[in-house]
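The primary structure of each chain is shown beneath.
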Amino acid sequence: MLSLIETLKLRRQKLANLIEVPIVLWSGGRSSRNFAANVFPFRASSHFLYFAGLSIENAAIRLESGGLTLFVDESSPASALWHGASPSRDEIAAEIGADAAYPLSALADRVADAATVAVQDSQTRLKQAELLDRALSSTHPQGIDLELTKAIVTLRLIHDEAALEEIRKAVAVTVNAHQAGMSATLDATVEADIRAAMERVIMANDMTCAYGSIVTVHGEVLHNDRYHHPVRPADLLLADVGAETSTGWASDVTRTWATSGKFSPTQRDLYNVVLAAHDACIAAIRPGVEYRDIHLLAGHTIAEGLVDLGILRGQPADLVDMDAHALFFPHGVGHILGLDVHDMEDLGDLAGYESGRTRSQRFGLGYLRLDRPLRSGMVVTIEPGFYQVPAILQDSERREAYRDVVNWDRLAEFSDVRGIRIEDDVLVTETGSEVLTAALPTSVEAIEQFVHS
Ligand code: GLY
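Report on the accompanying structure. (Residues numbered from 1 in each chain as written. Predicted model: local features only at pLDDT ≥ 70, side-chain atom pairs only at ≥ 80, totals over all residues. Heavy atoms only, no water.)

Hydrogen bonds along the backbone pair up the strands of a sheet, which may run parallel or antiparallel. Across the sheet, which stays open at both edges, the four strands sit in the order 1-2-3-4 with mixed pairing between neighbours. The strands lining the two open edges of the sheet, one partner per strand, are strand 1 (23-26) and strand 4 (100-102). Put simply, the sheet's adjacent strands are angled 20° from each other on average, direction ignored. Relative to strand 3 (residues 67-71), helix 4 (residues 89-96) is tilted by about 155°, and along the sheet it contacts strand 3 and strand 4. (Pairing = 2+ DSSP bridges. Helix = DSSP H or I, 4+ residues; strand = E, 2+ residues; numbered from the N terminus. Axes fitted to C-alpha atoms, helices over the stretch in contact; angles between N-to-C directions. Contact = heavy atoms within 4.5 Å.)

This is how it looks when you write it as structure tokens:
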């Protein structure tokens, strides 16, 4: 296993092999909440982190022929007073294997010829555009910036050993967090109690959440960010929670469990439909397989299960062709995972979509975030679901369009299911796949046991 510096140097050399022009990447700065000194936690741009390895605020790196020059200011006495001592510029340079290090002001003379990626924080992005004297867009880069973006995507799509080790660390903590959430459920009064039990594990491991936790009895709200609902015995609880390591690597896991510790027959039936889709998708993962086909396989398996339960009528293949599965499974089956939970989504679809492909307008494909053939070393999520979303199921045009294929009376018998999602993080290997989150069970029986533990 390479050391951190060796890994970083190798990544920089690989980048230099893909693009000849110099590159400047900014880390970004903190955003304030409501007054300057009350700031949101800092998290460096993922492209910076990938090559610099450290989350350094207000810094930039110039990459050229495999070498790295660091630009960062020494911390001020006031910063030391309020935030404690920081490493010096030279110490940071040594830690990341920089060849040289200068104050940030020295960057002005070293950017004119460089390619870059626009960062998310708007203040830094303005400075980038000013120094480079051109308009910047991370989702629609032009010229050398596009060339750089493509090179970065090529590297970051396929994880090296160091990246996988970090993702495994995040995953291990996430698995424990989910177990803690299940165990805390019988004593929970509101969703926030379960969220606290889960995030406590992440915080106790000195990690942060890779995204805003979703811990809700309203699983039909796909990215629910409220935690005040009472937890009642007849509910299903959907928890989509993932840890991020201190160097920024993410995990992303969802489980759904019965708050009473026992799934009702209807909850169990629909849970097992989603589980069948989850298992079928994972079994199909191997290099060369199109991720879009994995998504369609999820749709097919869900349609098949819903036909068996009498909720849908028809042949599964026809139902998928007409997007009937998307009435209940309206999102994509997953995405790439890495330094970002939706890895490189700051680049729009440049990372998720193979060159020349664009988003489909189809109801059942529009939210597909990844449309590439799978390759060994990619990490993807597999996260099929079943949801009763009022905005979809009560929409008069959709009800008319799908009038003949949905048995609405039968569907009404499943009213104790609002949302189910089962999500694992999967490494594509040379011969198939490895479920990185396999330590967290998915079967009804195992999950019920955890809730009672
Ligand atoms: N886990 C949140 C998401 O994938 O959007």
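To continue, consider the site of the ligand. Contacts to the ligand come from Tyr 211, His 223, Asp 240, Asp 252, His 335, His 342 and Glu 383. Within the contact set of the ligand, an oxygen atom lies 2.7 Å away from a side-chain nitrogen or oxygen of His 223. Interatomic distance of 2.7 Å between a side-chain N/O atom of His 342 and an oxygen atom of the ligand. For the ligand, whose unbound accessible area comes to 200 Å², protein coverage reaches 93%. A per-class count over the shell around the ligand returns one nonpolar, three polar and three charged. (Near = heavy atom within 4 Å. Polar contact = N/O pair within 3.5 Å; in protein donor to acceptor, adjacent residues only side chain to side chain. Areas by Shrake-Rupley, 256 points an atom, 1.4 Å probe, with all protein chains shown as cover. Nonpolar A, V, L, I, M, F, W, Y, C, P; charged D, E, K, R; others polar.)

Remark: helix 9 (residues 265-284) packs on helix 15 (residues 444-451), axes separated minimally by 11 Å, with the N-to-C direction vectors making an angle of 120°. As far as their axial angle goes, helix 15 and helix 9 are oblique. Judged by residue contacts, Arg 268, Tyr 271 and Asn 272 of helix 9 engage Val 444, Glu 445, Ile 447 and Glu 448 from helix 15. Partitioning the contact of helix 9 with helix 15 into residue classes produces three nonpolar, one polar and three charged. (Parallel < 35°, antiparallel > 145°, perpendicular 65-115°, else oblique.)

Any space left empty among the atoms is revealed by the rolling of a water-sized probe across them. Applying the stated criterion across every chain yields a total of four cavities of 30 Å³ or more. Here the largest cavity defines a volume of roughly 70 Å³. Taken together, His 335, Ile 336, His 342, Asp 343, Met 344, Glu 345, Gly 348, Asp 349, Ala 351, Gly 352, Arg 359 and Arg 369 make up the full set of residues lining the largest cavity. Across the lining of the largest cavity, the residue classes break down as three nonpolar, four polar and five charged. Roughly 40 Å³ of internal volume is contained in the second largest cavity. Forming the boundary of the second largest cavity are His 295, His 325, Ala 326, Phe 329, Pro 330, His 331, Gly 332, Phe 363, Gly 364, Leu 365, Tyr 367 and Leu 368. Residue classes in the lining of the second largest cavity are distributed as seven nonpolar, five polar and no charged. (1 Å grid on protein atoms, 1.4 Å probe; cavity = no way out; pocket = protein on both sides within 12 Å on 5 of 7 lines; lining within 4 Å. Points joined across faces, edges and corners; volume = space filled by probe spheres on them.)

Within strand 9 (residues 253-258), six of the six residues are buried, leaving the element largely enclosed by the surrounding structure. Residues of strand 9 alternate between two faces, with Val 253, Arg 255 and Trp 257 on one and Thr 254, Thr 256 and Ala 258 on the opposite face, all of them buried. (Buried < 20%, exposed > 50% of the residue type's maximum accessible area, 1.4 Å probe, protein only.)

This next bit is on the environment of Gly 212. Topologically, Gly 212 is positioned in the loop between strand 5 (208-209) and strand 6 (214-216). Once the C-alpha coordinates of Gly 212 and Ala 162 are considered, the two residues, 50 residues apart in sequence, prove to be 25 Å apart.

So, on to the packing of helix 1 (residues 4-18) against helix 6 (residues 143-157). For the pair helix 1 and helix 6, the least separation of the axes is 10 Å and the interaxial angle reads 135°. It follows from the interaxial angle that helix 1 and helix 6 lie oblique. In the packing of helix 1 onto helix 6, the handedness of the crossing is right-handed. Mapping the contact onto sequence places Arg 11, Lys 14, Leu 15 and Leu 18 in helix 1 and Leu 148, Ala 151, Ile 152, Thr 154 and Leu 155 in helix 6. A breakdown of the residues in the contact of helix 1 with helix 6 according to their chemical character gives six nonpolar, one polar and two charged. (Left-handed = near helix turned anticlockwise from the far one by under 90°.)

In this section: the side chain of Glu 423. Tracing the chain through its elements places Glu 423 in the loop between strand 12 (419-421) and strand 13 (424-428). An unpaired buried charge is present at Glu 423: no salt bridge exists, and Arg 421, the closest side chain of opposite charge, is 4.7 Å distant. Of note is the side chain of Glu 423, whose polar atom sits 2.6 Å from the side chain of Thr 254. Those residues in contact with Glu 423, other than ones at most four positions away along the chain, are Asp 240, Asp 252, Val 253, Thr 254, Arg 255, His 335, Thr 381, Ile 382 and Glu 383. (Lys, Arg positive; Asp, Glu negative; His and termini not counted. Salt bridge = Lys/Arg side-chain N within 4 Å of Asp/Glu carboxyl O.)

In this structure, Leu 15, Leu 70 and Phe 328 are the most contacted members of the largest nonpolar core, which totals 132 residues. With nine residues, helix 9 is the single largest residue contributor to this core. Leaving out residues up to four positions away in the same chain, Leu 15 has contacts with Ile 23, Phe 51, Leu 63, Leu 148, Ala 151, Ile 152 and Leu 155. In this structure, Phe 71, Val 111, Val 119 and Leu 132 belong to the second largest nonpolar core, which totals 11 residues. (Core = buried A, V, L, I, M, F, W, Y, C linked by side-chain atoms within 4.5 Å.)

Next up on the list: helix 4. Among the residues making up helix 4, those that are buried are Arg 89, Ile 92, Ala 93 and Ile 96. End-on, the buried residues of helix 4 take up no more than an arc of 100°, which puts them together on one face. Exposed residues on helix 4 whose side chains face more than 90 degrees from its buried face are Asp 90 and Ala 94. Looking at the buried side of helix 4, the elements it contacts are helix 1, helix 2 (46-52), strand 3 and strand 4. With its phi angle positive at about 75°, Gly 97 sits one or two positions after the end of helix 4. (Arc of directions from axis to C-beta.)

Spatial relationships are all this shows, so hold off on functional conclusions.
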